[in-house]
Number of protein chains: 2
Amino acid sequence: MREVAIIGVGMGKWGEIWNDSLRDIYVEAAVLALKDAGIDKVDSMYVGSMTPGLFVGQEHLGSLLADYLGIKNLPCTRVESACASGGVALKSAFLEVASGYSDLVIAGGVEKMTDCSGDDATYALATAADQEYEVFHGATFPGLYAMMARRHMFEYGTTREQLAYVAVKNHKNGAKNPKAQYPFEVTLEGVMSSVMVADPLRILDCSPITDGAACVVLADLETAKRICKKPIVKILGFGHATDTIALHARESLTRLDATIVAAERAYKMAGKKPSDIDFAEVHDCFTIAEIIVSEDLGFFEKGKGGPAVEAGETQIGGKIPINTSGGLKSKGHPVGATGIAQAIEIVSQLRGEAGDRQVKGAKVGLAQNMGGSGGSCTVHIMEVV
Amino acid sequence: MREVAIIGVGMGKWGEIWNDSLRDIYVEAAVLALKDAGIDKVDSMYVGSMTPGLFVGQEHLGSLLADYLGIKNLPCTRVESACASGGVALKSAFLEVASGYSDLVIAGGVEKMTDCSGDDATYALATAADQEYEVFHGATFPGLYAMMARRHMFEYGTTREQLAYVAVKNHKNGAKNPKAQYPFEVTLEGVMSSVMVADPLRILDCSPITDGAACVVLADLETAKRICKKPIVKILGFGHATDTIALHARESLTRLDATIVAAERAYKMAGKKPSDIDFAEVHDCFTIAEIIVSEDLGFFEKGKGGPAVEAGETQIGGKIPINTSGGLKSKGHPVGATGIAQAIEIVSQLRGEAGDRQVKGAKVGLAQNMGGSGGSCTVHIMEVV
């Protein structure tokens, strides 16, 4: 297998976008990524998107987005793994370049979520859970993650305040990210008194509904060295795994096995261990998710994720900065684009382009992207050459 | 890149299936493919499915189907390219094995289409067209293909009878396929007098709404030689391309450029030319599609596809047998599964397991799978070792 690098990144401003449609916001991100890479052509493209069929009545994104990007007859494949769709797009593009079949491949992600009503968006997102055994009975994601939170509090003494500290930290980082949907800070009291969604999760524990797209350009290392003017960021390894789609079918509610296995695979392929990672972007769809994932990636012992965030260990400047971009919480969560935006933050940090949220001396970063209640997960580990 | 072979194939009976759900029919096909390959574990899985979100309210098939297949933590990626979803699943699995990352990978496809009403199915399928510029104005696929048929008749003198001959031939083949949804013959008069759908296309010019799944197991050639007890079928090459998603944006209505380019790429990679192909499975979603595709793959000069089918050149025993399985027309068209079922027919023929529909001396087969009105296409060329 050939070594693979990311040589270009691009994303527009995320938020509630009324003047552009799905195809427009995707093409904006792709053009920015091509411009960043200094090229105007690629061999192939992968697009992660969760459910454009339900959100905007449009499938066949491979054809649509290659068409509107204007690269004639470009092979383009849409991939889907619920909220980990971006992560599987990155993995798929990685494998195509690693195989030697293509030298330059775009991995992108897009979701246009605000064109449908709130009820419809909740239904669309719930199709990532088990339709027959969870959704039919009324379960939606805030409820599923609330059960994980309650159990984590029961087993490990995690506090309501510790959940809130995740939101406070991520909004503090997101306030420094001009692309973020909600680039403002929130206070502990603000989170604790925000409207209840599914006890114990309040509205400021939840990632928002977002329109957005993100793209990166991958190249084999030789091509990257030839054309890349910026520091080259290598993808050292990835891991991908699934778990039972339904939460009730798992041994534990406080462990995400797909994340544990995907991380093991990524660490092994990259030749790294948790203590080698300088910073990470993780899937904080709800505040409890970041706490559990920070344990399952091996950054903290099981049950210690809550105290770690309270103690500031995951802040910029802490032991292991997490979600320097603002995370899903503040940056936004256009589900299919999230995994790619995580990779963009890793690249920005490793290039030293992260501005006010720069992690000093960052050499190795990790991105963890998750679908459903943890039914699928990808982990990518990157290093600046 | 490593050489890649298909070592197992599996599909159940296709049709209107009321007693099993999407997960059940997929697992049946996957288990049959594993059994045919003589293995009980794989490294990874790809699943092609067009729009399970709209058909049955379920996305995140990667997690769901790996879960129900029972291979713990299996990496599984759903891919989508409308009706070419199966073809892109096959391509994606090919690249993962070719890269050296995995030795054994399932490429599958599934669609459960009959759980929603006819109106809803028409809407769901139309999401493969351009929602904003085609569907919004009332266009659906029978209408789009009818325009292609009218123009082909105008430019090349293709007759209404020649369209009907495609259906007659494919049903004759499908009558010998025990997995086919409609395993019976139809007559020329029967097709010509069937109910009108979109002039000149009648109901027997159209592929049906189908529930079905199909799976193949891919292995690198060394692994294949070690474990495969049946003749080994190598994938010599593939091509993948897109075209404008909207029909009105193309230079010609009687040429499918994504097919032309995908075929060029596949022929080049395989080191073959059209005259080397012994038989082919092509995407006959409507009878006109088979005629145009048979020209664009290089089997007949442009405009001669109609006379060729009338003269029997695409029958079993003819110059180039096309759709020996019965094609989408008779076998059925569960959209995400079709590309994989085409590969299964190629393997069955190359192994000499095709029974009453066996093409004598078949050594090299081609499968062409298409999305939308030709907005995306994959072509795979296979040879028996």
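Novice: Give me the pattern of salt bridges: which residues, what numbers.
Specialist: When the charged atoms of two side chains with opposite charge come close together, those side chains can pair. Residue and element names in this part refer to chain A. Tallying each qualifying case throughout the model produces 52 salt bridges over all chains. Its salt-bridge partner being R2, residue D103 comes within 2.9 Å of it at the nearest N-O pair. Here the residue D103 occupies a position in the loop between α4 (85–99) and β4 (104–112), and R2 occupies one in the segment before β1 (4–10), the gap between them amounting to 101 residues. Since its relative accessible area comes to 32%, D103 is described here as partly exposed. Among the salt bridges present, the one from K272 reaches E383, with a minimum N-O distance of 3.2 Å. With K272 in the loop between α10 (257–270) and β9 (279–281) and E383 in strand β11 (residues 376–384), this residue pair connects regions lying 111 residues apart in the sequence.

Novice: Which residues make up the side chain of S376 of chain A, and what values do they have?
Specialist: You can see S376 of chain A is positioned in strand β11. Residue S376 of chain A is classed as buried on the basis of its relative accessible area, which comes to 0%. Polar contacts involving the side chain of S376 of chain A include one to the side chain of S81 of chain A, which spans 2.9 Å. The residues contacting S376 of chain A, other than those within four sequence positions of it, are S81, A84, A241, T242, A258, N369, M370 and G371 of chain A together with H60 of chain B.

Novice: Account for the interface of chain A and chain B, naming residues and giving values.
Specialist: The partner chain B presents 61 residues to the 61 residues of chain A that form the contact. Counting each side, the surface lost to burial between chain A and chain B is near 4700 Å², with a carbon and sulfur contribution of 48%. The largest share of the area that chain A buries against chain B comes from H60, N73 and Y101 of chain A, three residues that together contribute 15% of it. The interface formed by chain A and chain B holds 6 salt bridges in total. E132 of chain A is the partner of R23 of chain B in a salt bridge, and the nearest nitrogen-oxygen pair spans 3.8 Å. For the pair chain A and chain B, the interface holds 40 residue pairs in polar contact (both at pLDDT 80 or more). Here the element with the most residues in the side of chain A that touches chain B is helix α3 (residues 61–69) of chain A; it accounts for 7 residues. Its residues assigned to classes, the side of chain A that touches chain B shows 27 nonpolar, 22 polar and 12 charged. With 3 bridges connecting them, strand β3 (residues 76–80) of chain A and strand β3 (residues 76–80) of chain B associate as antiparallel partners.

Novice: Just give me the short version of the domain arrangement of chain A, but keep the residues and values in it.
Specialist: Residues and elements named next belong to chain A. For chain A, the assigned domains are domain 1 (4–117 + 209–233) and domain 2 (120–206 + 236–384). If you average the C-alpha positions of domain 1 and of domain 2, the two centres end up 22 Å apart. In this assembly, 51 residues from domain 1 lie in contact with 43 residues from domain 2. In total, about 3700 Å² of surface goes out of reach between domain 1 and domain 2, with carbon and sulfur atoms giving 70% of it. When the buried area of domain 1 at its contact with domain 2 is split by residue, W14, C83 and V233 rank highest and sum to 19% of it. Summed over the shared surface of domain 1 and domain 2, the result is 2 salt bridges. A salt bridge links R351 to D36, with the shortest nitrogen-to-oxygen separation between them at 2.9 Å.

Novice: Outline unusual backbone geometry, supporting the account with residue identities and numerical values.
Specialist: All names here are of chain A. Here the bond from D199 into P200 is cis, since omega is 10°, no more than 30 degrees from zero. Here P200 is to be found in the loop between β5 (196–198) and β6 (201–202). Phi at N323 takes a positive value of approximately 60°, unusual for a residue other than glycine. The topology assignment puts N323 in the loop between α12 (305–310) and α13 (327–331).

Novice: Just give me the short version of a nonpolar patch on the surface, but keep the residues and values in it.
Specialist: On the surface, V195, V197 and I203 of chain A cluster together into a nonpolar patch covering about 250 Å² of accessible area. Within the secondary structure, V195 of chain A is located in the loop between α8 (188–192) and β5.

Conventions adopted
Residues numbered from 1 in each chain as written. Chains lettered and ligands numbered in written order. Predicted model: local features only at pLDDT ≥ 70, side-chain atom pairs only at ≥ 80, totals over all residues. Heavy atoms only, no water. Salt bridge = Lys/Arg side-chain N within 4 Å of Asp/Glu carboxyl O. Helix = DSSP H or I, 4+ residues; strand = E, 2+ residues; numbered from the N terminus. Buried < 20%, exposed > 50% of the residue type's maximum accessible area, 1.4 Å probe, protein only. Polar contact = N/O pair within 3.5 Å; in protein donor to acceptor, adjacent residues only side chain to side chain. Contact = heavy atoms within 4.5 Å. Buried area = accessible area lost by both parts, 1.4 Å probe. Nonpolar A, V, L, I, M, F, W, Y, C, P; charged D, E, K, R; others polar. Pairing = 2+ DSSP bridges. Domains from an automatic or database assignment. Patch = residues over 30% accessible without salt bridge, like charges linked within 9 Å, V, L, I, M, F, W, Y side chains within 5 Å. Areas by Shrake-Rupley, 256 points an atom, 1.4 Å probe, with all protein chains shown as cover.

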